[in-house]
Every structure is written in C-alpha cells, then in structure tokens.
Amino acid sequence: MPTTIESFAEELRLPVETLIQQLAAAGIEGKKAGDKLTARDKAELLEYLQKQHGGTAAPKKRITLTRKQTSEIRAPVGAGKARTIQVEVRKKRVLVRREEVEAIAAQQAEAAKKIEEEAVAEAAQEKIEAAVPEALPIVEEAVAEVREAETIRQPSPAAVAKAAA
C-alpha cells in the first residue's frame, strides 16, 4: 500500500525536505511532500542508503561485548578509620555468529571422519602385511600342487601323435 512522503518521513523521524533530497539522490526524481511512495521507491532508497553507508559489506563475524561494573570497598586504614576505594570490574564477552560456529563444527566432523577412515585403512593394510608372511608358504605349496597336477594331466607327445593318427 503506497504511503505519502510526509507519513514516511514521520515514520523515519526525518524532515520531509531531507527525505526528498535522499530520494532525489537515489534517482527518484520529481517527488513532492504530498506524493505517494511505492514499495519499489522505498526499496531503491534503501539500496542507495546501504551503498552510501557501507551496508553491503559482509556482517561482522564476532561481536565483543564489554561491561564495566563499579563498586565501593571499605578498607581499614588504622585507628578505627576506614577508607572507601572505588573498584571497577570489567567483563568481556565475545559472541560468534551461529552460522560460523556450525560451519566450523561441520569442518571438524568432516576432518574427524577422514582421519577415522585413514586409520581404518591403515589398520587393514597392517593386517594384510602381517598375514602375508604366514600365508606365503601355504600359497607356494598350493602353486606347487597345481603345477604338479598340470604335469600329470598333460599327455605324453607319443600319446598325442597316436590320437592324431
């Protein structure tokens, strides 16, 4: 629903003249105090103002909150007198964007999974290498048996000549 420039300026708590100047600078020419603003006009003004004030830059990844708290402590000076001392306590808290924390957690999970896969592959390779020396005599024995069986199965050249004739 279009609103008037006056009501929009009142909503923004700006003088009407300032809003008209900003609209003109944003490329929305020919507007007067009683004219109506469309949603497109507002969007163009917002885009222009964000470019002017650096609003298109990426948001900060971390926000640091600092809080100062002052209190008074009474310290004895001697002879029953006490002196008041001002104490200032500063607390600092760093907040990190949730998306960044989730991205870091996903990267760590992926790295842990990759490390685990590498460890499993390495353990399997070690088992294979340990089994090879034990299995080698068995394999050599089986190969020798197969060769022996092949020599038994092969007919003699004389038998081959008789069969061909």
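The coordinates are above.
Residues numbered from 1 in each chain as written. Predicted model: local features only at pLDDT ≥ 70, side-chain atom pairs only at ≥ 80, totals over all residues. Heavy atoms only, no water.

A. How the structure looks around a nonpolar patch on the surface. Judged by side-chain polarity, Ile-63, Leu-65 and Leu-95 come together as a nonpolar surface patch covering roughly 240 Å² of accessible area. When you line up the elements, Leu-65 lands in strand 3 (residues 62–78). (Patch = residues over 30% accessible without salt bridge, like charges linked within 9 Å, V, L, I, M, F, W, Y side chains within 5 Å. Areas by Shrake-Rupley, 256 points an atom, 1.4 Å probe, with all protein chains shown as cover. Salt bridge = Lys/Arg side-chain N within 4 Å of Asp/Glu carboxyl O. Helix = DSSP H or I, 4+ residues; strand = E, 2+ residues; numbered from the N terminus.)

B. A look at unusual backbone geometry. In the Ramachandran plot, Arg-13 falls in the positive-phi region, its phi being about 60° despite a non-glycine side chain. Within the secondary structure layout, Arg-13 lies in the loop between helix 1 (5–12) and helix 2 (16–25). Relative accessible area serves as the criterion here: at 79%, Arg-13 is assigned to the exposed category. (Buried < 20%, exposed > 50% of the residue type's maximum accessible area, 1.4 Å probe, protein only.)

C. Molecular detail of helix 1. All of the buried residues along helix 1 are Ile-5, Phe-8 and Ala-9. Seen along its axis, helix 1 keeps its buried residues to an arc of 100°; they face one direction. Opposite the buried face of helix 1, by more than 90 degrees, sit the exposed residues Glu-10 and Glu-11. In the core, the buried residues of helix 1 are packed alongside strand 1 (3–4), helix 2, strand 2 (36–37) and helix 3 (39–52). Of the residues one or two after helix 1, Arg-13 is the one with positive phi, at around 60°. (Arc of directions from axis to C-beta. Contact = heavy atoms within 4.5 Å.)

D. How the structure looks around the pattern of salt bridges. If you walk through the whole model with that rule in mind, you get 4 salt bridges. Across the pair Lys-31 and Asp-41 runs a salt bridge whose closest N-O atoms are separated by 3.4 Å. Within this pair, whereas Lys-31 is found in the loop between helix 2 and strand 2, its partner Asp-41 is found in helix 3, the two being separated by 10 residues in sequence. On the basis of relative accessible area, Lys-31 is assigned to the partly exposed category, the value being 23%. For Asp-41, a relative accessible area of 11% translates into the label buried.

E. Seen up close, the nonpolar core. Ile-5, Phe-8, Ala-9, Leu-19, Leu-23, Ala-26, Ile-28, Leu-37 and Leu-45 form the largest nonpolar core, which has 9 residues in total. Of all the elements in the fold, those that place two or more residues in this core are helix 1 and helix 2. Here this core gets 3 residues from one element, more than from any other, and that element is helix 1. Apart from the residues within four sequence positions on either side, Ile-28 is in contact with Leu-23, Asp-41, Glu-44 and Leu-45. (Core = buried A, V, L, I, M, F, W, Y, C linked by side-chain atoms within 4.5 Å.)

F. Representation of the environment of Thr-84 within the structure. Note on placement: Thr-84 falls in strand 4 (residues 81–96). Along the sequence, Thr-84 and Arg-74 sit 10 residues apart, while their C-alpha atoms lie 4.5 Å from each other. Of note is the side chain of Thr-84, whose polar atom sits 3.3 Å from the side chain of Arg-74. (Polar contact = N/O pair within 3.5 Å; in protein donor to acceptor, adjacent residues only side chain to side chain.)

G. Spotlight on the packing of helix 2 against helix 3. Orientation of helix 2 relative to helix 3, taken along the N-to-C sense of each, is 85°, at an axis distance of 9 Å. Classed by the angle they form, the pair helix 2 and helix 3 counts as roughly perpendicular. Taking contact as the criterion, the partners of Leu-19, Gln-22, Leu-23 and Ala-25 in helix 2 are, on helix 3, Leu-45, Tyr-48 and Leu-49. Of the residues in the contact of helix 2 with helix 3, the class split is 6 nonpolar, 1 polar and no charged. (Axes fitted to C-alpha atoms, helices over the stretch in contact; angles between N-to-C directions. Parallel < 35°, antiparallel > 145°, perpendicular 65-115°, else oblique. Nonpolar A, V, L, I, M, F, W, Y, C, P; charged D, E, K, R; others polar.)

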